Structure formats: structure tokens, C-alpha cells
Amino acid sequence: MKAKMVHECIHVLDLQASMEFYERALGLVEMNRIEPEDGSWAIVYLGNDTTGFRLELTWNRGRVEPYNNGGSDTHLAFAVDDMASAHELHEKMGCICHENKGMGIYFIVDPDGCWLEIVPM
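Note that the coordinates shown come from a computational prediction; the quantities given were computed from them, not determined experimentally.

1. Re the sheet that holds strand S2 (residues 29-34)
Strand order in this open sheet of four strands is S1-S4-S3-S2, and the pairing throughout is mixed. Only two strands of the sheet have a single neighbouring strand rather than two, namely strand S1 (7-12) and S2. Strand-to-strand twist across the sheet, computed as the mean angle between neighbouring axes with direction ignored, equals 25 degrees. For strand S3 (residues 41-48) and strand S4 (residues 51-60), the ladder comprises seven bridges, and the chain directions are antiparallel. What sits directly across from leucine 46, in S4, is leucine 55.

Below is the structure:
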């Protein structure tokens, strides 16, 4: 048997803020959406033309308590083609939470506290 990874789900409190963050920080845009007529929840799949892998943002109306999407050891990694430009953007956004200059990587944090590793391509 072979398995193909297709998406990673994180739960978000503010869907619009999360979508804006992921588009600005990583160029991920809405690929498709699932939501009921009553608007009580939404699942939005973000992606780009670099890979078929998707980031699933799950939002539930009325939720105010932060989700536990895992600690900083649980993270997604994104390879970027220009580390200097990515670092400059993320520095301006104020979302860099940890750097490992010896390894040439760093981490950013999204609006819900999820750590995202930035690595060179």
C-alpha cells in the first residue's frame, strides 16, 4: 500500500485573520471551502500551485477558547526559494518566534499559535 499526504488540519478562532496571515506569510490562497447553510462552521482548504498538499483551516462559530493545535514541536514546514526575502517579510510581520541560525532555519507563529518552520528549498 502507498499513502499520499493530502492535507493538515488546524483549528482557528478567526478564519479571516488566519486566511490573511497564510496568504501574506506564505502565499497560500483558498482552494475550496465546505460549509453548511447555517454558517455554524467552515472548512477552508488553502494551497498554491507548488504542491497538491493543502492546509485545512477548520472554524466553528461561537468558539472563544483557544484550540490546542499542538506545541511548538508539532509544526508544519515550508520550503521557500528565497530565505532572505521570506525572513524580511516575516520580520516585518512580527511573526518570527524562533531562529536557528546554525541550521539556517527559523519558525513563524500563526494567529492561533501554530509554529511553522521555514527552510530553504
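2. Overview of the pattern of salt bridges
Counting across every chain of the model gives four salt bridges. Across the pair arginine 33 and glutamate 35 runs a salt bridge, and its minimum N-O distance is 3.9 Å. Since its relative accessible area comes to 44%, glutamate 35 is described here as partly exposed. One salt-bridge network, held together by shared partners, links Glu30, Arg33 and Glu35.

3. Looking at the sheet that holds strand S7 (residues 105-109)
What links the strands of a sheet is backbone hydrogen bonding, and the strands pair in either a parallel or an antiparallel sense. Pairing is mixed across the open sheet formed by four strands, whose spatial order is S5-S8-S7-S6. Across the chains shown, the open sheet's two edge strands, defined by having one partner strand only, are strand S5 (75-80) and strand S6 (96-100). Pairs of neighbouring strands in the sheet enclose a mean axial angle of 25 degrees, with direction left out of account. As defined by bridge partners, S5 adjoins strand S8 (residues 115-120) across six bridges and the pair is classed as parallel. Directly across from phenylalanine 78, in S8, lies its bridge partner isoleucine 118. Contacting S5, S7 and S8, helix H1 (residues 15-26) runs over the sheet at an angle of about 15 degrees to S8. Sheet strands touched by helix H2 (residues 83-93): S5, S6, S7 and S8. Its angle to S7, the strand with the most contacts, is close to 30 degrees.

The rules behind the values
Residues numbered from 1 in each chain as written. Predicted model: local features only at pLDDT ≥ 70, side-chain atom pairs only at ≥ 80, totals over all residues. Heavy atoms only, no water. Pairing = 2+ DSSP bridges. Helix = DSSP H or I, 4+ residues; strand = E, 2+ residues; numbered from the N terminus. Axes fitted to C-alpha atoms, helices over the stretch in contact; angles between N-to-C directions. Salt bridge = Lys/Arg side-chain N within 4 Å of Asp/Glu carboxyl O. Buried < 20%, exposed > 50% of the residue type's maximum accessible area, 1.4 Å probe, protein only. Contact = heavy atoms within 4.5 Å.

These results come straight from atomic positions and should not be treated as a statement about function.
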